[in-house]
Amino acid sequence: MTIPAPFARYQGEVLPDWIDANGHMNLAYYVVLFDYATDALFDALDIGLGYKDRTNNGTFAVETHILYERELLLGERVYVTTQILGADAKRLHLAHEMMTGAGGERAAAQELMYLHIDLAKRRASPFPADARRRVAGAVAAHAALPRPAWVGRHIAMPHEIASLRSQ
């Protein structure tokens, strides 16, 4: 199995119901589009819905960080590229970038950590050997990609602003 590096098989469009009072796509729908991109990757890795149905295993997102960089308007087309940053026996670390279809500008980026879950026990469990091999192959395919500079960021106030609270 060959996984493109980066993985870029998801495209979407900003729908009317997704527009908020500010006239642009509501922040929640960036997550929806990123989730659809994750579904496409997981299907390609055979750890998606079919895998869940066969094995009663799945994945849960346990942490996510999103950077909103450009507003998206009604009808705009986007595509999402995904980089697999790493994996171990139970975890999968991803980075998504949402690009505008017209100009190729980055509209948002998302970093996620997933856990492999035994759905009967509702507990983290190791990937079975065959799934682990597929995931490891994809990690290897993405290993040569440069690590995005925004990965691993955290939210914080600049020190000067934070110190204003104490005055």
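That block above? That's the structure.
The rules behind each value
- Counting of residues starts from 1 at the beginning of each chain's written sequence and follows it residue by residue.
- It should be noted that, the model being predicted, local features are given only for residues of pLDDT at least 70 and side-chain atom pairs only at 80 or more, the latter also being counted only at that level, while totals for whole chains, interfaces and linings use all residues.
- Processing note: side-chain calculations cover all non-hydrogen atoms of the structure and skip hydrogens and water entirely.
- Strands here mean DSSP runs of E at least two residues long; helices mean DSSP runs of H or I at least four residues long; both are numbered from the N terminus.
- Between the first and last residue of a helix there are one fewer steps than residues, each counted as 1.5 Å, and that sum is the expected span.
- Three labels apply to residues, based on accessible area from a 1.4 Å probe with only protein chains included: buried if under 20% of the type maximum, exposed if over 50%, partly exposed otherwise in between.
- Two residues form a contact once any of their heavy atoms are found within 4.5 Å.
- Definition of a polar contact: a pair of N or O atoms within 3.5 Å, with one able to donate and the other able to accept a hydrogen when the atoms are protein atoms, and with sequence-neighbouring residues admitted only if both atoms are side-chain atoms.
- Definition of nonpolar core: a set of buried residues of the types Ala, Val, Leu, Ile, Met, Phe, Trp, Tyr and Cys, connected through side-chain atoms within 4.5 Å.
- Directions are taken from the helix axis to each C-beta atom, and the arc is the one they span.
- What makes a patch is a set of residues exposed beyond 30% relative accessible area and free of salt bridges, joined within 9 Å when like-charged and within 5 Å when nonpolar (Val, Leu, Ile, Met, Phe, Trp, Tyr).
- Computed with the Shrake-Rupley method and a 1.4 Å probe, the accessible areas treat only the protein chains shown as cover for residues.
- Whenever Lys or Arg places a side-chain nitrogen within 4 Å of a carboxyl oxygen from Asp or Glu, that contact is recorded as a salt bridge.
- We call Phe, Tyr and Trp rings a pair once their centres come within 6.5 Å, taking the six-membered ring for Trp, and we label the pair stacked below 30 degrees between planes, edge-to-face above 60, and tilted otherwise.

Caption draft 1: Structural detail: helix α1 (residues 27-44). The end-to-end C-alpha distance of α1, which contains 18 residues, comes to 27 Å, matching closely the 26 Å that a straight helix rising 1.5 Å per residue would cover. Residues Y30, L33, F34, A37, T38, L41 and F42 constitute the buried set of α1. Packed against the buried residues of α1 are β1 (7-13), β2 (57-68), β3 (77-87), β4 (91-100) and β5 (106-118). For α1, the N-terminal cap is N26; the gap from its side-chain oxygen to the backbone nitrogen of A28 is 2.9 Å. Just downstream of α1, D46 is the residue with a positive phi angle, here 55°.

Caption draft 2: Quick look at the nonpolar core. Ranked by size, the top nonpolar core spans 16 residues in total, and within it L41, F42, L45, I47, I84, L92 and L94 carry the most contacts. For this core, the secondary structure elements donating two or more residues are α1, β4, β5 and α3 (129-142). If one sorts the elements of this core by residue count, α3 sits on top with three residues. When neighbours within four sequence positions are excluded, I47 is seen to be in contact with F42, L92, F127, A131, R134 and V135. Membership of the second largest hydrophobic core comes to 14 residues, among which are Y10, L33, F34 and L72.

Caption draft 3: The arrangement of α3 in detail. The terminal C-alpha atoms of α3, which comprises 14 residues, lie 20 Å apart, in line with the 20 Å expected from a rise of 1.5 Å per residue. Within the span of α3, buried status applies to A131, R134, V135, A138 and H142. The buried residues of α3 occupy an angular sector of 95° when projected down its axis, which confines them to one face. In α3, those exposed residues whose orientation departs by more than 90 degrees from the buried face are A129, R133 and A140. Buried positions along α3 lie against β1, α2 (49-55), β3 and β4.

Caption draft 4: Geometry of the side chain of H142. Inspection of the secondary structure assignment puts H142 in helix α3. In contact with H142, other than residues within four places in its own chain, are I3, P4, A5, P6, F7, T82, Q83 and I84.

Caption draft 5: A nonpolar patch on the surface, seen in detail. Nonpolar side chains collect at one region of the surface, where L27, V31 and Y68 lie side by side and expose about 270 Å² of accessible area between them. Its place among the elements puts Y68 in strand β2. Accessibility expressed as a relative area gives 40% for Y68, which makes it partly exposed.

Caption draft 6: Structural detail: the packing of aromatic side chains. Applying the stated criterion across every chain, the model contains four aromatic pairs. Each ring, one from Y30 and one from Y68, has its centre 5.0 Å from the other, and the planes form 85°; the classification is edge-to-face. Residue Y30 is found in helix α1, and its partner Y68 is found in strand β2; the two are separated by 38 residues along the sequence. You can call Y30 buried: its relative accessible area is 4%. Look at F42 and Y114: their rings are 5.1 Å apart centre to centre, the planes differ by 70°, and that puts the pair in the edge-to-face class. Separated by 72 residues along the polypeptide, F42 in helix α1 and Y114 in strand β5 bring together distant segments of the chain.

Caption draft 7: Looking closely at the environment of R132. With respect to the element layout, R132 can be found in helix α3. For R132 and L45, which are 87 residues apart along the polypeptide, the C-alpha to C-alpha distance reads 9.9 Å. With residues up to four places along the chain from it excluded, the contact list for R132 reads A87, D88, A89 and F127.

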